[in-house]
Number of protein chains: 2
Amino acid sequence: MDATHYKLMIPGPIELDPAILAEMGKPLAAHYGPEWVRFYRETVSLLKRVMLAERARVFPVAGPGTAAIEMAIGGVVGDGKKVLVATNGFFGDRLAQIARAYTTHVATLEIPWGQPLDPQQLDDALKQDPEIRAVALVHCETSTGVLNPLKELAEVCNQRGALCLVDAVSSLGGAELRFDEWGLGAIASATQKGLECPPGLAPVAFSPEAWEVVESTESPQWYLSPKTWAWYEEQWGEWHPHPTTMPSGLMSALHLSLTRILEEGLEARWARHERVAQALRKGLEALGFAPVAREERYASPTVTAMRTPEGVEAGTILRFLKEELGVLIGGGLGQLKGKAIRVGHMGPTARMGEIVSLLYGVEEALRHQGRTIEPGQALRGARA
Amino acid sequence: MDATHYKLMIPGPIELDPAILAEMGKPLAAHYGPEWVRFYRETVSLLKRVMLAERARVFPVAGPGTAAIEMAIGGVVGDGKKVLVATNGFFGDRLAQIARAYTTHVATLEIPWGQPLDPQQLDDALKQDPEIRAVALVHCETSTGVLNPLKELAEVCNQRGALCLVDAVSSLGGAELRFDEWGLGAIASATQKGLECPPGLAPVAFSPEAWEVVESTESPQWYLSPKTWAWYEEQWGEWHPHPTTMPSGLMSALHLSLTRILEEGLEARWARHERVAQALRKGLEALGFAPVAREERYASPTVTAMRTPEGVEAGTILRFLKEELGVLIGGGLGQLKGKAIRVGHMGPTARMGEIVSLLYGVEEALRHQGRTIEPGQALRGARA
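Residues numbered from 1 in each chain as written. Chains lettered and ligands numbered in written order. Predicted model: local features only at pLDDT ≥ 70, side-chain atom pairs only at ≥ 80, totals over all residues. Heavy atoms only, no water.

**Focus on the environment of F320 of chain A**
All names here are of chain A. To keep it simple, the criterion reads: For the purposes of this entry, the term helix denotes a DSSP run of H or I that reaches at least four residues, the term strand denotes a run of E that reaches at least two, and both are numbered from the N terminus. Contacts are residue-level and defined by heavy atoms, with any inter-residue pair within 4.5 Å sufficient.
When you line up the elements, F320 lands in helix 12 (residues 314-325). Separated by 145 residues in the primary sequence, F320 and A175 place their C-alpha atoms 30 Å from one another. Discounting chain neighbours no more than four positions away, the residues touching F320 are L325, G361, E364, A365 and H368.

As structure tokens, this is what we get:
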């Protein structure tokens with residue numbers, strides 16, 4: 001669409017590797033037939049390996065991440081079950097909106113933006129209301145850059161007999177996530193973030209325990225009903241194992257990116273994202289920014305949100321970076337509008353070279369507004 | 001995914017023009033911000049021109065065509081209104097499945113496969129049951145190659161005060177469709193057929209009359225609720241006029257293809273598809289095939305379904321064309337399995353050169369099975 005291409009360091013979509021873009025430019029394959037089925041199953045199996053979800057039922061839903069989240073929530077509580085939405089940001093609030101479309105029994109646990117969801121508070125809420133059968137929450141809250149302590153939160157859910165339904169849109173592929181081991185009920189993600197592809201596919205996974213609930217739940221959904229997907233997999237599995245046309249070019253891109261993610265190794269990859277995020281935080285702190293995530297250990301490895309220094313409007317930084325560096329970063333959402341910048345560092349942009357370049361741009365932007373910044377001030381912070 | 005590329009003459013996705021593929025291979029743009037909003041609005045406005053739907057609200061939903069159909073059906077009858085599904089094929093039956101997910105009041109008008117939906121029968125059904133507030137039907141029934149007489153069917157709906165909700169997945173862009181003039185309530189389509197793009201976007205249009213109903217309908221949907229889309233358009237219109245991430249590369253491809261469709265001219269384009277479809281039918285008839293569409297004037301200009309000659313299993317034709325010509329066509333669905341072939345001829349493959357080449361392949365396939373076919377027998381039929 002644009003005459004100019006801007007490098008994407010918004011919280012997604014991310015800047016893509018040329019090999020992934022090349023897949024998108026190839027002639028399309030048909031989305032059925034024996035070759036397709038083999039390829040489709042292989043891709044689902046790669047997804048399971050990246051999700052560490054060998055026990056799960058996984059569907060690469062065509063659509064945005066939100067659609068896959070709706071599939072998980074609707075599929076589990078679409079008959080009116082009681083669900084608790086634990087939220088500490090814009091995307092957590094969205095989970096509550098989605099849940100309310102399916103059931104009138106939606107409780108919320110609201111935590112201030114910037115703070116992590118607290119397993120103890122979750123436990124108290126579940127203890128008080130044993131009717132709650134499912135908890136919906138966001139792993140990486142893209143609006144604040146907080147990575148919620150999912151392992152501990154899921155443990156609480158499991159102890160209290162509630163399924164843990166997780167928005168993993170901006171965490172999968174960049175942050176530690178162990179589906180089976182952590183006992184997650186369902187996760188939904190999207191291709192345009194840590195999975196390093198264009199947007200358009202939204203992988204969703206259900207544990208065997210969640211699947212049992214799905215099977216006994218009548219939900220007002222067709223395309224986004226997990227049961228529709230299961231029916232096609234079971235009845236049309238040898239020919240067309242999904243209910244609709246699939247974007248075959250994007251599936252090819254996903255197959256390639258998943259293969260590369262596994263080649264890099266999940267733990268090495270999580271560590272790389274963590275290192276880069278830390279460098280960016282420290283670099284921006286040296287320029288007077290403050291992390292929105294109140295505690296260092298809950299700062300996300302994939303998305304960094306930082307309050308701007310006193311008197312600096314976030315939009316001026318965004319504009320400067322766009323015009324002078326050709327780089328797009330995000331601004332604050334909701335209550336952080338104008339007050340924070342948000343940077344996505346996933347896949348190809350989770351590299352020190354990109355971070356250093358961005359820090360240089362922010363230094364220049366501040367200097368441009370008359371602030372006194374020593375050249376390299378941010379980099380010294382980042383290296384500290 | 002494949003080492004070999006096969007030319008797609010299945011009923012969709014279609015073979016793409018290199019310029020469209022080139023758009024898919026470009027670096028992504030962000031799906032928000034002022035440049036994006038301008039581009040998004042321009043694309044929606046091009047869609048309206050191709051739909052002849054200047055009065056409509058149009059959303060380019062990210063997902064498959066079925067998702068957009070569900071948005072139209074759920075948005076209108078999701079509160080339990082009575083809907084009539086008129087069906088004469090596999091995709092008509094699917095509309096009934098979708099409708100049943102949203103309301104227990106689903107009546108059906110079932111017409112044998114191969115016959116068109118009959119406006120008189122529809123009128124009788126609506127007269128008998130004045131509670132029916134909406135009719136769902138397929139314009140081009142991809143399973144049979146029947147193009148239902150949409151103009152007349154919509155007229156009946158309007159006279160009886162029911163909204164006409166249309167699956168236009170395989171008709172828009174290849175067959176005559178006049179949204180405003182015909183008084184359609186809603187249509188849903190998809191990018192991978194007559195709109196000449198990869199799959200992944202599903203444009204949906206609502207008339208002002210349908211929109212009024214949508215606004216007063218509480219439907220258990222979030223992502224696929226037309227109201228969610230309207231909310232973002234109204235509240236976030238200057239920045240992010242849709243509820244989720246959009247596949248920006250595919251939107252660029254769509255912008256280009258819509259521009260080219262309008263350059264060709266809608267009427268010239270409909271006529272081209274019609275000519276090519278007729279040539280294919282006549283050519284195959286000369287080889288002993290019989291159209292599934294019982295009456296010539298209801299045969300689709302975009303998808304042709306033909307019963308194979310007595311004793312010829314459809315699969316053998318499909319395999320021969322794939323192996324010897326490198327061309328993929330479709331087989332029969334449901335009750336036509338093994339008994340029919342289905343050919344998609346849309347956009348770049350709605351050209352006589354492609355049809356002639358395909359007819360040659362079918363001649364060879366029959367000869368290969370020991371049938372006596374004169375070389376050029378099909379072509380003589382096609383030219384007649």
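That covers the picture; the talk isn't over yet.
**Topic: the packing of aromatic side chains**
Residue and element names in this part refer to chain A. Test applied: Two rings from Phe, Tyr or Trp (for Trp, the six-membered ring) form a pair when their centres sit within 6.5 Å of each other. Planes less than 30 degrees apart are called stacked, planes more than 60 degrees apart edge-to-face, and all others tilted. Relative accessibility thresholds used throughout: buried, under 20% of the residue-type maximum; exposed, over 50%; partly exposed, between the two (1.4 Å probe, protein chains only).
Summed over the entire model, instances satisfying the criterion amount to 22 aromatic pairs over all chains. An angle of 35° between the planes, with centres 5.7 Å apart, marks the rings of Y32 and W239 as tilted. Taken as a pair, Y32 in the loop between helix 1 (18-24) and helix 2 (34-51) and W239 in the loop between helix 9 (226-235) and helix 10 (248-264) lie far apart in primary sequence, 207 residues in all. Judged by its relative accessible area of 17%, Y32 falls in the buried class. Take W239: its relative accessible area is 44%, and that puts it in the partly exposed class.

**Regarding helix 8 (residues 208-215) of chain A**
All names here are of chain A. Where we set the bar: By definition, the arc is the one covered by directions from the helix axis to the C-beta atoms.
The set of residues buried in helix 8 consists of A210, W211, V213 and V214. Looking straight down helix 8, one finds that the buried residues subtend no more than 160° of arc, so they occupy a single side. Seen from the open side of helix 8, the exposed residues pointing more than 90 degrees away from its buried face are E212 and E215. In the core, the buried residues of helix 8 are packed alongside strand 2 (57-62), helix 3 (65-77), strand 8 (163-167), strand 10 (201-206) and helix 9.

**A look at the domain arrangement of chain A**
Frequently, the measure chosen for interface size is the accessible area removed from exposure when the parts meet. Residues and elements named next belong to chain A. Definition in use: Annotation comment: domain bounds sourced from an automatic or database domain assignment. Buried area adds together the accessible area that both of two parts lose upon being put together, with accessible area traced by a 1.4 Å probe. Any carboxyl oxygen of Asp or Glu that lies within 4 Å of a side-chain nitrogen of Lys or Arg is treated as forming a salt bridge with it. Polar contact is defined as a pair of N or O atoms within 3.5 Å, subject to the rule that within protein one atom must be able to donate a hydrogen and the other to accept it, and that residues adjacent in sequence are counted only when both atoms are side-chain atoms.
Domain annotation for chain A reports domain 1 (7-12 + 266-383) and domain 2 (18-263). Its C-alpha centre places domain 1 at a distance of 28 Å from the equivalent point of domain 2. With 27 residues of domain 1 at the interface, the matching set in domain 2 holds 30 residues. Summed over both sides, the interface of domain 1 with domain 2 buries roughly 2,300 Å², with 62% coming from carbon and sulfur. If you sort the residues of domain 1 by the area they bury against domain 2, L266, W270 and Y298 come out on top, with a joint share of 28%. The interface formed by domain 1 and domain 2 holds 2 salt bridges in total. The salt bridge partner of R178 is E267, with a shortest N-O separation of 3.0 Å. Along the contact surface separating domain 1 from domain 2 lie 12 residue pairs in polar contact (both at pLDDT 80 or more). Of all the elements in the fold, those that place two or more residues in the side of domain 1 that touches domain 2 are helix 11 (266-285) and strand 12 (303-307). Among the elements that make up the side of domain 1 that touches domain 2, the one with the highest residue count is helix 11 (6 residues).

**Focus: the relation of the copies chain B and chain A**
Selection rule: Fitting of the copies onto one another was done by least squares over C-alpha atoms, counting residues only where both copies have pLDDT of at least 70.
Superposing chain B onto chain A requires a rotation of 180° together with a translation of 0.0 Å along the rotation axis, leaving an RMSD of 0.0 Å. Such a turn and shift between the copies fits a two-fold axis. Interface overlap between copies: 98% of the residues of chain B at the interface are likewise at the interface in chain A, consistent with a symmetric, same-surface contact.

**Looking at the interface of chain B and chain A**
If you look at the interface, chain B gives 58 residues, while chain A gives 57 residues. With both chains or domains summed, chain B and chain A bury close to 4,500 Å², and 66% of this area falls on carbon and sulfur atoms. Sorting the residues of chain B by area buried against chain A places M1, L28 and W222 of chain B first, and these three jointly supply 18% of that buried surface. Inspection of the chain B/chain A interface yields 16 residue pairs in polar contact (both at pLDDT 80 or more). Counting only elements with at least two residues in the side of chain B that touches chain A, the list comes to helix 1 (18-24), helix 2 (34-51), helix 3 (65-77), helix 4 (90-102) and helix 10 (248-264) of chain B.

**Quick notes on the sheet that holds strand 15 (residues 340-344) of chain A**
Residues and elements named next belong to chain A. What counts, and what does not: Here the rule is simple: two strands pair whenever DSSP picks up at least two bridges between them.
If you walk across this open sheet you meet the 4 strands as 11-12-15-14, and the pairing is antiparallel. If you trace the sheet from one side to the other, it starts and ends with strand 11 (290-291) and strand 14 (330-331), each paired once. Where strand 11 and strand 12 come together, 2 bridges link them in antiparallel fashion. Bridge pairing in strand 12 places P291 opposite M306.

**Comments concerning the pattern of salt bridges**
Counting across every chain of the model gives 50 salt bridges over all chains. The partner of K7 of chain A in a salt bridge is E354 of chain A, and the shortest N-O contact between them spans 2.6 Å. Residue K7 of chain A is found in strand 1 (residues 7-8), and its partner E354 of chain A is found in helix 13 (residues 352-368); the two are separated by 347 residues along the sequence. Taking the shortest distance from any N to any O, the salt bridge between R57 of chain B and E233 of chain B comes out at 2.9 Å. Placement of the pair is R57 of chain B in strand 2 (residues 57-62) and E233 of chain B in helix 9 (residues 226-235), with a sequence separation of 176 residues. E233 of chain B sits in the partly exposed class, given a relative accessible area of 27%. Bridged by salt links that share partners, the residues E176, R178, E181 and E267 of chain A form one connected network.

**What about the environment of R294 of chain A?**
Residues and elements named next belong to chain A. Summarising the element assignment, R294 is placed in the loop between strand 11 and strand 12. C-alpha separation for the pair R294 and I10, spaced 284 residues apart in sequence, amounts to 21 Å. Other than its neighbours up to four places away in sequence, R294 contacts W113, G114 and Q115. Within polar-contact distance, the side chain of R294 engages the backbone oxygen of W113 at 3.3 Å.

**What to know about the nonpolar core**
Let me state the cut-off plainly: Nonpolar cores were defined as sets of buried Ala, Val, Leu, Ile, Met, Phe, Trp, Tyr and Cys residues, with membership established by side-chain atoms within 4.5 Å.
Counting residues in hydrophobic clusters, the biggest one holds 219 residues, and the most contacted among them are L184 and F206 of chain A together with L184 and F206 of chain B. Apart from residues lying up to four places away in sequence, F206 of chain A is in contact with A56, R57, F59, M71, A72, F179, G185, A186, W211, V214 and P226 of chain A.

**A word on the pairing of strand 3 (residues 82-87) of chain B**
Residue and element names in this part refer to chain B. Note the following rule: Crossover handedness is defined here as right-handed if the route from the first strand over the helix to the second strand goes clockwise, with the strands pointing away from the viewer.
Within strand 3, 5 of the 6 residues are buried, which leaves the element mostly enclosed by the surrounding structure. Both strand 3 and strand 5 (residues 132-138) contribute to a ladder of 4 bridges, which runs parallel. Within the sheet, the bridge partner assigned to K82 lies in strand 5 and is I132. Note that strand 3 and strand 4 (residues 106-110) share 5 bridges and pair parallel. Opposite T87, over in strand 4, you have E110 as the bridge partner. For the handedness criterion, the β-α-β arrangement of strand 3, helix 4 and strand 4 is classed as right-handed.

**Focus: the sheet that holds strand 10 of chain A**
What links the strands of a sheet is backbone hydrogen bonding, and the strands pair in either a parallel or an antiparallel sense. Residues and elements named next belong to chain A. Quick note on the threshold: Angles here are taken between N-to-C directions and fall from 0 to 180 degrees, while the axes themselves are lines fitted to C-alpha atoms, restricted in helices to the stretch in contact.
A sheet is described by the order of its strands in space; here 7 strands give the open sequence 2-10-9-8-5-3-4, paired in mixed fashion. At either end of the open sheet lies a strand with only one pairing partner, and these are strand 2 and strand 4 (106-110). Each strand of the sheet is rotated relative to its neighbour by a mean of 15°, with strand direction disregarded. Across 5 bridges, the pairing between strand 5 (residues 132-138) and strand 8 is parallel. When the bridges of strand 8 are listed, V138 appears paired with D167. Of the strands in this sheet, strand 2, strand 8 and strand 10 touch helix 8, which is tilted by about 95° from strand 10.

**As for the packing of helix 3 of chain B against helix 4 of chain B**
Residue and element names in this part refer to chain B. Put simply, the rule is: Here the word oblique covers every angle except those under 35 degrees (roughly parallel), over 145 (roughly antiparallel) and from 65 to 115 (roughly perpendicular). Crossings are assigned a handedness: left-handed for a near helix turned anticlockwise from the far helix by less than a right angle, right-handed for a clockwise turn. When residues are sorted by character, Ala, Val, Leu, Ile, Met, Phe, Trp, Tyr, Cys and Pro go into the nonpolar class, Asp, Glu, Lys and Arg into the charged class, and all the rest, Gly among them, into the polar class.
Between helix 3 and helix 4, whose axes approach to 9 Å, the crossing angle comes to 45°. Comparing their axes, helix 4 and helix 3 come out oblique. The chirality of how helix 3 crosses helix 4 is right-handed. Across the interface between the two elements, T66, I69, E70, I73, G74 and V77 from helix 3 touch R94, L95, I98, A99 and Y102 from helix 4. Grouping the amino acids of the contact of helix 3 with helix 4 by side-chain chemistry returns 7 nonpolar, 2 polar and 2 charged.

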